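Notes for the structure review
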Amino acid sequence: MTLRWEAFLEEVRERGEYDSPQEADRAARVVLALLGAHLVGDVRAELAARLPETMSLILLNPLQAAEPLSTERFVRATAAWIEGATEATALWDIGAVLSTVAAAAGDDLMDQVLLQLPPGYDLLFGRPTAGTRP
């Protein structure tokens, strides 16, 4: 089921403890644009279908990536795209957005998403796999 725009942003806002929906929106747009560059085919399309239309379009029209980013580089890239962000605040933003995305996606789709990503992304989505330690 697709989340409504307001519900998605409210969930990100709550998870990220943001003061305003605008902060949640900014984080969601950047994180989804970077994530979309790592996903392909039916997995990206199915994930997009579970997000509000605006976020879906961002995921489907991502920033271009020459190669998959490790989790560390994903955090640095997020920090670079969010004005005033540090790697610590970017990690917080990523967690707020990706945990919301994981909840919308469900377990089966998340398993497919994680198969397309470099190791360690399970932690960014708030879904550590067995044997993974922070």
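Everything below is about the structure printed above this text.
Residues numbered from 1 in each chain as written. Predicted model: local features only at pLDDT ≥ 70, side-chain atom pairs only at ≥ 80, totals over all residues. Heavy atoms only, no water.

When helices and strands are tallied, the protein chain shows eight helices and zero strands. Overall, the protein chain shows an N-to-C arrangement of helices and strands of α-α-α-α-α-α-α-α. Computed over its C-alpha atoms, the radius of gyration of the protein chain comes to 13 Å, within 12% of the 14 Å expected for a compact globule of 134 residues. By its C-alpha atoms, the protein chain is 35 × 30 × 30 Å across when sized along the principal axes. Looking at the protein chain as a whole, 46% of its 134 residues are labelled buried. (Helix = DSSP H or I, 4+ residues; strand = E, 2+ residues; numbered from the N terminus. Rg over C-alpha atoms; globule rule 2.2 N^0.38 Å. Buried < 20%, exposed > 50% of the residue type's maximum accessible area, 1.4 Å probe, protein only.)

Turning next to helix H3 (residues 41-49). Structurally, the α-helix is built with 3.6 residues per turn, so residues lying three or four positions apart point the same way. Among the residues of H3, those classed as buried are Val-43, Arg-44, Leu-47 and Ala-48. Take H3 and look down its axis: the buried residues cluster within an arc of 130°, on one side only. The inward-facing, buried residues of H3 contact helix H2 (21-36), helix H4 (53-60), helix H6 (87-105) and helix H7 (107-115). (Arc of directions from axis to C-beta. Contact = heavy atoms within 4.5 Å.)

The final tally for this structure, using the stated rule, is one aromatic pair. Seen in terms of ring centroids, Phe-74 and Tyr-121 are 5.4 Å apart; in terms of plane orientation they differ by 75°. Their pairing is edge-to-face. Within this pair, whereas Phe-74 is found in helix H5 (residues 71-81), its partner Tyr-121 is found in helix H8 (residues 121-124), the two being separated by 47 residues in sequence. Judged by its relative accessible area of 1%, Tyr-121 is buried. (Phe/Tyr/Trp six-rings, centres within 6.5 Å; stacked < 30°, edge-to-face > 60°.)

To continue, consider unusual backbone geometry. One non-glycine residue with positive phi stands out, namely Glu-17, at about 55°. Residue position: Glu-17 is located in the loop between helix H1 (5-16) and H2. Using a relative accessible area of 60% as the deciding quantity, one classes Glu-17 as exposed.

With twelve residues, H1 extends 16 Å between its outermost C-alpha atoms, agreeing within 8% with the 16 Å of an ideal straight helix rising 1.5 Å per residue. Where H1 is concerned, the buried positions are Phe-8, Leu-9, Val-12 and Gly-16. Taken down its axis, H1 places every buried residue within 95° of arc, on the same side. Those residues of H1 that are buried lie in contact with H2, H4 and H6. One or two positions beyond H1, positive phi appears at Glu-17, with a value near 55°. (Expected span 1.5 Å × (residues − 1).)

Relative to the helices and strands, Ala-49 resides in helix H3. For the pair Ala-49 and Glu-6, spaced 43 residues apart in sequence, the C-alpha to C-alpha distance is 16 Å.

With that out of the way, let us pick up the nonpolar core. Ranked by size, the top nonpolar core spans 44 residues in total, and within it Phe-8, Leu-32, Leu-35, Leu-47, Phe-74, Val-113 and Phe-125 carry the most contacts. Broken down by secondary-structure element, the contributors of at least two residues to this core are H1, H2, H3, H4, H5, H6, H7 and H8. Sequence-distant contacts of Leu-32, that is, excluding residues within four places in its chain, are made with Phe-8, Leu-51, Met-55, Ile-58, Leu-59, Val-97 and Val-101. (Core = buried A, V, L, I, M, F, W, Y, C linked by side-chain atoms within 4.5 Å.)

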